[in-house]
Each structure stands twice: as structure tokens, then as C-alpha cells.
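Secondary and tertiary structure notes
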Amino acid sequence: MSQAPSAESLAKAARDAAKSGGLPPVHLWDPPFCGDLDMEIRRDGTWFYQGTPIGRAPLVKLFSTILRRDGDAYFLVTPVEKVGIRVEDAPFLAIDANSAGTGADQVLTFTTNVGDIVTAGPEHPIRVERDPETGEPSPYVLVRVNLEALIDRKSFYRLVELGEHHVQGGESWFGLWSGGSFFPVIPSADLP
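Note that this is a predicted model, so its numbers are computed, not measured.

1. Looking at the sheet that holds strand 7 (residues 92–100)
In space, the six strands of this open sheet follow the order 9-8-7-12-11-10, with mixed pairing throughout. Edge positions in the open sheet fall to strand 9 (117–119) and strand 10 (126–130), since each of these has one partner strand only. Averaged over all adjacent pairs, the angle separating strand axes in this sheet is 40°, with direction ignored. Here three bridges tie strand 7 to strand 12 (residues 147–151), and the two strands are oriented parallel to one another. The residue of strand 12 that forms the bridge with F92 is A149. Sheet contacts for helix 3 (residues 153–160): strand 7, strand 8 (107–112), strand 10, strand 11 (137–144) and strand 12; angle to strand 7, the most-contacted strand, approximately 30°.

2. Topic: the pairing of strand 4 (residues 67–70)
In the sheet, strand 4 pairs with strand 5 (residues 73–77) via four bridges, with the strands oriented antiparallel. When the bridges of strand 5 are listed, R69 appears paired with Y74. Hairpin geometry of strand 4 and strand 5 is characterised by an intervening segment of two residues between the two adjacent antiparallel strands and by a positive phi of about 65° at G71.

3. Quick word on the side chain of E81
Take E81: it is sitting in the loop between strand 5 and strand 6 (82–87). A relative accessible area of 12% means that E81 is categorised as buried. When neighbours within four sequence positions are excluded, E81 is seen to be in contact with P5, S9, L10, P31, P32, C34 and L76.

4. Overview of the nonpolar core
As a rule of thumb, soluble globular proteins bury nonpolar side chains together. Core analysis: the largest hydrophobic core is formed by 47 residues, its most contacted members being M39, W47, F63, L76, I85 and F110. Residue contacts for L76: discarding those within four places in its chain leaves L10, L37, M39, W47, F63, I66, L67, E81, K82, V83 and I85.

5. Remarks on the packing of aromatic side chains
Summed over the entire model, instances satisfying the criterion amount to three aromatic pairs. Consider the rings of F33 and F75, whose centres lie 5.9 Å apart with planes at 85°: the pair is edge-to-face. You can see F33 sitting in strand 1 (residues 33–41) and its partner F75 sitting in strand 5, a full 42 residues away along the chain. Judged by relative accessible area, F75 falls into the buried class, the value being 10%.

6. Points about the pairing of strand 7
Pairing of strand 7 with strand 8 involves six bridges; the strand directions are antiparallel. Its bridge partner lying in strand 8, A100 is registered against V107. Connecting the antiparallel pair strand 7 and strand 8 is a turn made up of six residues, with G101 showing a positive phi of about 80°.

7. Side note on the pattern of salt bridges
Side chains that differ in sign of charge can pair as their charged atoms come close. Tallying each qualifying case throughout the model produces 14 salt bridges. Taking the shortest distance from any N to any O, the salt bridge between R127 and E148 comes out at 2.7 Å. Of this pair, R127 sits in strand 10 while E148 sits in strand 12, placing them 21 residues apart in sequence. On the basis of relative accessible area, E148 is assigned to the buried category, the value being 14%. Between D152 and K154 there is a salt bridge; the shortest N-O distance is 3.0 Å.

8. A word on the environment of E171
One can find E171 in strand 14 (residues 171–178). A residue is classified by how much of its surface remains accessible, and E171, at 38% relative accessible area, is partly exposed. Placed 30 residues apart in sequence, E171 and V141 show a C-alpha to C-alpha distance of 23 Å. The contact partners of E171, leaving out residues within four places of it in the chain, are H166 and P187.

Definitions and limits used
- Residues numbered from 1 in each chain as written.
- Predicted model: local features only at pLDDT ≥ 70, side-chain atom pairs only at ≥ 80, totals over all residues.
- Heavy atoms only, no water.
- Pairing = 2+ DSSP bridges.
- Helix = DSSP H or I, 4+ residues; strand = E, 2+ residues; numbered from the N terminus.
- Axes fitted to C-alpha atoms, helices over the stretch in contact; angles between N-to-C directions.
- Contact = heavy atoms within 4.5 Å.
- Buried < 20%, exposed > 50% of the residue type's maximum accessible area, 1.4 Å probe, protein only.
- Core = buried A, V, L, I, M, F, W, Y, C linked by side-chain atoms within 4.5 Å.
- Phe/Tyr/Trp six-rings, centres within 6.5 Å; stacked < 30°, edge-to-face > 60°.
- Salt bridge = Lys/Arg side-chain N within 4 Å of Asp/Glu carboxyl O.

Put into C-alpha cells, the structure is as follows:
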């Protein structure tokens, strides 16, 4: 019987995969499922292993390169093993946002807690979920295939200042332009 994967074996496999440059092609790998690892990504972007925060940013960044989402489940994937991990909300946190241009020509660029830089647009849409009870928004941007970043509060508040009203689907929405696309945040009628 093979030994269950450990954080150390996964880190080594991720380092080996990273030597090719860029992100490993985790979407192409189809290794056997090897069980769950006691690893969790909390809503604030902190990674935990066996209940303890992973304090080494380079190690978190390394693990993030082999992260994959299949359906509603998250996995760390190497060419030879696939282990389940828990993700409280989104696996990444957008910790900064910059804008250039205005209106439909505006471009919003996000930086995540693991160093990804993405420009919102058709390939990297922004979406906002609202808590049905409180109305509190949870904004996200797609970073990689099936992997989103929760946009942190300070960045979202800065973005809201750039928002505009635009008719989409016959309804007026308050939202954000980026990369030639309009991303609705809240129906205009729901604004105070």
C-alpha cells in the first residue's frame, strides 16, 4: 500500500513542475485520487496545514500553483497524485486593484495574495454574490480556470467609486467596466 501524500511530497512535486516555467498544466493531469489532506484555505486567504497557518509565503505560492477545482471540490494535483483540501470561500484573495482609463475603456487589474496579476475582462470576469439576509456583497474575479479570488474590502470600496450605471438585459445596473465588458454589481433600483 502506498503512503498517503504529505505536504512535503506535494511541495517537492510542485517545485519539480515549476522548473518548466509558468504554471504547471494541472488541468491536463489525471492522477488517481489519494485522499484528503488536512489543509484549508480560509476566507482571508490564509493557508492552514494540520490546523496551523503556513507562515512561509513562498510555500503557499508554490502550493497555489498546483491547485485545481473540479465541481465544488478543491485539490492539489501533481502528475502522480491528487489530494483534496478544504476552501472556506475562494482559494485566492485579491489584495489590490488598479484602474486605467474610464467608462467602457476602463481596465481593472488585480493582484492576488499569491502573486497572480489578472486584468478583468471576458477571460477574467468579475461577479458579485449578495448575502440574501444582509445584502452584504462578496465580489470575486476569476484568476485561473475555475479558481477565483475574493476581492478584499478595501479594493472593492475603491472599485465602487469607479462604478457606473449601465442598462444590461433591459435593466439598469450599477457595475464596473473592464476590458470592454460590463460587470453588474447591484441593480440600480436597489441602491439607497
